[in-house]
Number of protein chains: 2
Amino acid sequence: MFTDADRELLDLSGFARMATLMPDGAPQLTVLWYRRVDDTLRIICPASAQKRRNLERDPRVAVIVEDPQSAFRFLEIRGQAEVVHDDTGARAELVQIARRYIGAQAEAYAAGLSADPRVILVVRPERIIRHF
Amino acid sequence: MFTDADRELLDLSGFARMATLMPDGAPQLTVLWYRRVDDTLRIICPASAQKRRNLERDPRVAVIVEDPQSAFRFLEIRGQAEVVHDDTGARAELVQIARRYIGAQAEAYAAGLSADPRVILVVRPERIIRHF
């Protein structure tokens, strides 16, 4: 699904911006850390987050990832996100994700999180629009 | 509608990320230049753009604007966007917008655009979610 050029961009440490759908169908947007795993993106959020509630009602999602050096060089990924309720797995995944952004501070960051359960969002692309 | 702190963030030269709704209701996302004018954001795009077609079918929109120095300091704006079909006005507005990002090169940039008609998107906030 992802080309070599996609993977190169996705494995830089840009942020993801993700759109989900509110109960009335209106869009909702957030800025997120993520990590590419094979042909998916992994994102961690609290189980209490609006985006988690949105995705369990309607899994359709759009995500853009930009080149951190050049925001107009970006991928738009449209697809569906699965919500995985696995707090232990989510915290382990978060260390991997955080390492992309804050390197050796990732463990300390993850250890300092609140006890609120975390979930893993697995974004599966159905269409990729390349702006590069 | 915008507070002083909102205006301060919006008048920095960060980019906007805007979500619109595709014909089937799924979200669509792009990266854009913008300019705040009073309590609205102004964005220019070609009349042929998917987001223009989306907004004329369903004007609901979400826009995030981040502090260019710190992406997790951001505003999420949910509201509606009006599409103004005024190519001359759009090109004049684009010079104002471009000046925020490329300064004195704005006129040359706008003069070099293709002849495809441009439209002005006027984003009117209904709810503002502050991540700062």
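Refer to the structure above for everything that follows.
Please read these numbers as outputs of a predicted model, since none were measured by experiment. Along each chain, the written sequence defines residue order, and numbers are assigned to residues from 1. Ligands are numbered from 1 and chains lettered from A, in the order in which they are written. For this predicted model, a pLDDT threshold of at least 70 governs which residues receive local features, and a threshold of 80 or more governs which side-chain atom pairs are given and counted, while totals over whole chains, interfaces and linings are taken from all residues. Only heavy atoms go into the side-chain values, all of them from the structure, while hydrogens and water stay out.

Engineer: It is not clear to me how the packing of aromatic side chains should be interpreted in this structure. Could you clarify?
Structural biologist: The description of an aromatic ring pair uses the distance of the two centres, along with the angle that the planes make with each other. Here is the rule: rings of Phe, Tyr and Trp (six-membered ring for Trp) pair when centre to centre is within 6.5 Å. Planes less than 30 degrees apart are stacked, more than 60 are edge-to-face, and the remainder are tilted. If you walk through the whole model with that rule in mind, you get 10 aromatic pairs over all chains. Judged by centre distance (5.2 Å) and plane angle (55°), the rings of W33 of chain B and Y109 of chain B are tilted. Of this pair, W33 of chain B sits in the loop between β2 (27-32) and β3 (35-37) while Y109 of chain B sits in helix α4 (residues 106-111); the two residues are 76 residues apart in sequence, bridging distant segments of the chain. You can call W33 of chain B buried: its relative accessible area is 17%. Each residue is placed in one exposure class: buried if its accessible area under a 1.4 Å probe, protein chains only, is under 20% of its type's maximum, exposed if it is over 50%, and partly exposed if it falls in between. Assessed through its relative accessible area of 37%, Y109 of chain B is described here as partly exposed. One aromatic cluster in this structure is built from F15, W33, Y101 and Y109 of chain A together with F72 of chain B. Taking the ring centre of Y34 of chain A as reference, the NZ or CZ of R100 of chain A above it sits at 4.5 Å. Secondary structure follows DSSP: runs of H or I at least 4 residues long count as helices, runs of E at least 2 residues long count as strands, and numbering of each begins at the N terminus. Any Lys NZ or Arg CZ found within 6 Å of a ring centre and within 35 degrees of that ring's normal is scored as a charge over the ring.

Engineer: I keep staring at the pattern of salt bridges and nothing clicks. Help me out?
Structural biologist: Once their charged atoms are close, side chains differing in charge can pair, the charge on each being opposite to the other. Each salt bridge in this description consists of a side-chain nitrogen of Lys or Arg and a carboxyl oxygen of Asp or Glu lying within 4 Å of one another. If you walk through the whole model with that rule in mind, you get 30 salt bridges over all chains. Between D67 of chain A and R73 of chain A there is a salt bridge, with its nearest N and O atoms 2.9 Å apart. Among the ionic pairs, D6 of chain B bridges to R130 of chain B, the shortest N-O distance being 2.6 Å. Separated by 124 residues along the polypeptide, D6 of chain B in helix α1 (residues 4-10) and R130 of chain B in strand β7 (residues 118-131) bring together distant segments of the chain. Several salt bridges share partner residues, and in doing so they unite R17 and E66 of chain A together with R17 and E66 of chain B into one network.

Engineer: Teacher, can you tell me more about the relation of the copies chain B and chain A here?
Structural biologist: Note: a rotation about an axis with an accompanying shift along it relates these two copies of the chain. Mapping chain B onto chain A leaves a residual RMSD of 0.0 Å; the transformation is a rotation of 180° accompanied by 0.0 Å of translation along its axis. Here the transformation between the copies is reduced to the relation of a two-fold axis. All copies are superposed by least squares; the fitting set is the C-alpha atoms of residues with a pLDDT of at least 70 in both.

Engineer: Is there a simple way to think about the interface of chain B and chain A in this case?
Structural biologist: Interface size is often expressed as the accessible area that is lost when the parts come together. Note on contacts: a residue pair is in contact if any heavy atoms of the two residues lie within 4.5 Å. The interface is formed by 27 residues belonging to chain B together with 27 residues belonging to chain A. Counting the surface lost from both chain B and chain A, the interface buries some 2200 Å², and carbon and sulfur atoms represent 69% of this. Note that E66 of chain B is salt-bridged to R17 of chain A, the shortest N-O span being 2.5 Å. Polar contacts, as counted here, are pairs of nitrogen or oxygen atoms within 3.5 Å of one another; within protein the pair requires one atom able to donate a hydrogen and one able to accept it, and residues that are adjacent in sequence qualify only if both atoms are side-chain atoms. Along the contact surface separating chain B from chain A lie six residue pairs in polar contact (both at pLDDT 80 or more). Those elements giving two or more residues to the side of chain B that touches chain A turn out to be β1 (16-21), β2, β5 (60-67) and β6 (70-84) of chain B. Tallied by class, the residues present in the side of chain B that touches chain A amount to 18 nonpolar, three polar and six charged. Each of two parts loses accessible area, computed with a 1.4 Å probe, when they are put together; buried area is these two losses added. Gly falls in the polar group here, along with every residue not listed as nonpolar (Ala, Val, Leu, Ile, Met, Phe, Trp, Tyr, Cys, Pro) or charged (Asp, Glu, Lys, Arg).

Engineer: Would you mind showing me how to read unusual backbone geometry here?
Structural biologist: The phi angle of most residues is negative, glycine excepted, and most peptide bonds adopt the trans form. Although it is not a glycine, D38 of chain A adopts a positive phi angle of roughly 55°. Relative to the helices and strands, D38 of chain A is located in the loop between β3 (35-37) and β4 (40-46).

Engineer: Whenever I open this one, the pairing of β4 of chain A confuses me. Can you help?
Structural biologist: Side chains on a regular strand alternate between the two faces of the sheet. All names here are of chain A. Most of β4 sits out of view: five of its seven residues are buried. With three bridges connecting them, β3 and β4 associate as antiparallel partners. Bridge assignment links R35 to a residue of β4, and that residue is R42. Two strands form a pair only when DSSP identifies at least two bridges running between them.

Engineer: How should I be thinking about the sheet that holds strand β5 (residues 60-67) of chain A in this particular structure?
Structural biologist: Hydrogen bonds along the backbone pair up the strands of a sheet, which may run parallel or antiparallel. All names here are of chain A. Reading across from one edge, β2-β1-β5-β6-β7-β4-β3 is the order of the seven strands in this open sheet, with antiparallel pairing throughout. Only two strands of the sheet have a single partner each, and these edge strands are β2 (27-32) and β3. For this sheet the average axis-to-axis angle between neighbouring strands, irrespective of direction, equals 35°. Axes, fitted as lines to C-alpha atoms, cover a helix only where it is in contact. Angles between the N-to-C directions of the axes lie from 0 to 180 degrees.

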